[in-house]
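Given next are the chains, with one letter for each unit.
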Amino acid sequence: MPAQSLPRVIAIDGPAASGKSSVARELARRLNFVYVNSGAMYRAVTWSVLERAIDPADKSAIAKFISGSRLDGKFVDGEFHLLIDDVDLNQHLHEDRVNAEVSRVSTVPEVRKLLVQRMQDYATKHDSVIEGRDIGSVVFPDTPYKFYIDASPAVRAQRRAAQGHRDEIAQRDQADSSRAASPLVVAKDAEVIDSSDLTVSQVVDEIAGRLRAKNLLI
Ligand code: DC
């Protein structure tokens, strides 16, 4: 980060399995920015809720749990990991039960409030690439660097199946797009990239070109 300048945030939003994690990770590596996967943060909370046998439909129990937990972060190879009560849950985040409940848990206002605060705190200290659903629309509405990565439903289903996970992505998209708080939307000033027929590296090249046009040099 140049001395005296504010850290920059590149927001990458999009639906499930659109390829945004691979793109955001590679973009952060090329730029030497930190990589923050906000979906992983919502997944860590969901895993903890399930592990404690809290009913994922019980919003007040989830709110109580999250308000009483200690949330910290650490960087592992340039990637942000959320620690809940000192535990790094990274290895559990793609379990089927987490896929099945994460959309529901992420609607709890207290969960969103605390995680959004964490992201905003970290972004005051580091240049970052942050991916999720509401990063450009709600979490960092003022960043000039916003992208929305899409892909056709068939391609997204194929990508997820190739990862060997059971994940009802159409159902998650429906839940994430129709919820009241911070739904998945294309921020009005986001640049949309359809990744259906592109490799990760081609999408990153495309973003890099658009960032150069905004004087963010890669
Ligand atoms: O990016 P992902 O598929 O790992 O995200 C998992 C879930 O987390 C997603 O279905 C909804 C929630 N999420 C959210 O509500 N807001 C974000 N910024 C990122 C993810």
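Our structure is the block above this text.
Residues numbered from 1 in each chain as written. Predicted model: local features only at pLDDT ≥ 70, side-chain atom pairs only at ≥ 80, totals over all residues. Heavy atoms only, no water.

### With respect to helix 7 (residues 153-162)
Burial in helix 7 covers these residues: Val155, Arg156 and Arg160. In an axial view of helix 7, the angular spread of the buried residues amounts to 130°, which keeps them on one side of the axis. Those residues of helix 7 that are exposed and angled more than 90 degrees off the buried face are Ala154, Gln158, Ala161 and Ala162. Contacts from the buried residues of helix 7 go to helix 2 (38-51), strand 7 (145-150) and helix 8 (169-178). Just downstream of helix 7, Gly164 is the residue with a positive phi angle, here 75°. (Buried < 20%, exposed > 50% of the residue type's maximum accessible area, 1.4 Å probe, protein only. Helix = DSSP H or I, 4+ residues; strand = E, 2+ residues; numbered from the N terminus. Arc of directions from axis to C-beta. Contact = heavy atoms within 4.5 Å.)

### A closer look at the site of the ligand
The full set close to the ligand counts 16 residues, and Arg43, Asp134, Arg172, Asp176 and Arg179 are the nearest of them. In the environment of the ligand, a nitrogen atom lies 2.8 Å from a nitrogen or oxygen atom belonging to the side chain of Asp134. Taking Asp176, its side chain carries an N or O atom lying 2.6 Å from an oxygen atom of the ligand. Here the ligand loses 98% of its free accessible area of 440 Å² to cover by the protein chains. Those elements that place two or more of their residues in the shell around the ligand are helix 2, helix 4 (96-105) and helix 8. If you tally residues by element for the shell around the ligand, the top one is helix 2, at 4 residues. (Near = heavy atom within 4 Å. Polar contact = N/O pair within 3.5 Å; in protein donor to acceptor, adjacent residues only side chain to side chain. Areas by Shrake-Rupley, 256 points an atom, 1.4 Å probe, with all protein chains shown as cover.)

### Digging into unusual backbone geometry
Positive phi, normally seen in glycine, also occurs at Ser182, with a value near 50°. Turning to its location among the elements, Ser182 is positioned in the loop between helix 8 and strand 8 (191-194). The phi dihedral of Asn215 is positive, around 70°, even though this residue is not glycine. Summarising the element assignment, Asn215 is placed in the segment after helix 9 (200-213).

### Remarks on the packing of aromatic side chains
In total, this model carries 3 aromatic pairs according to the counting rule given. Within the aromatic cluster, the residues linked to one another by ring pairs are Phe75, Phe80 and Tyr122. One cation-aromatic arrangement involves Lys125 over Tyr122; the distance from NZ or CZ to the ring centre is 5.4 Å. (Phe/Tyr/Trp six-rings, centres within 6.5 Å; stacked < 30°, edge-to-face > 60°. Lys NZ or Arg CZ within 6 Å of the ring centre and 35° of its normal.)

### Some thoughts on the pattern of salt bridges
This structure, assessed with the given rule, holds 22 salt bridges. With a shortest N-O distance of 3.4 Å, Arg133 and Asp176 are connected by a salt bridge. On the criterion of sequence distance, the pair formed by Arg133 in the loop between strand 6 (128-132) and helix 6 (135-139) and Asp176 in helix 8 is long-range, its members being 43 residues apart. Each member of the pair, Arg133 as well as Asp176, carries the same accessibility label: buried. Linking Lys146 and Asp189 is a salt bridge whose minimum nitrogen-to-oxygen distance equals 3.0 Å. With a gap of 43 residues between them, Lys146 in strand 7 and Asp189 in the loop between helix 8 and strand 8 connect regions that are remote in the sequence. According to the relative accessible area criterion, Asp189 is partly exposed, its value standing at 38%. (Salt bridge = Lys/Arg side-chain N within 4 Å of Asp/Glu carboxyl O.)

### Structural notes on the nonpolar core
Among the nonpolar cores identified, the biggest contains 36 residues, and Val45, Leu82, Leu115 and Met119 are the most heavily contacted of them. Among the elements of the structure, strand 1 (9-13), strand 2 (34-37), helix 2, helix 3 (59-67), strand 4 (79-84), helix 4, helix 5 (109-123) and helix 6 are those that each provide at least two residues to this core. For this core, the element with the most residues is helix 2, which contributes 7 residues. With residues near it in sequence (within four places) discarded, Leu115 still touches Met41, Tyr42, Val45, Leu71 and Leu82. With 19 residues, the next largest nonpolar core counts Ile10, Ala24, Val204 and Leu216 among its residues. (Core = buried A, V, L, I, M, F, W, Y, C linked by side-chain atoms within 4.5 Å.)

As far as function goes, none of this settles anything; it's purely spatial.
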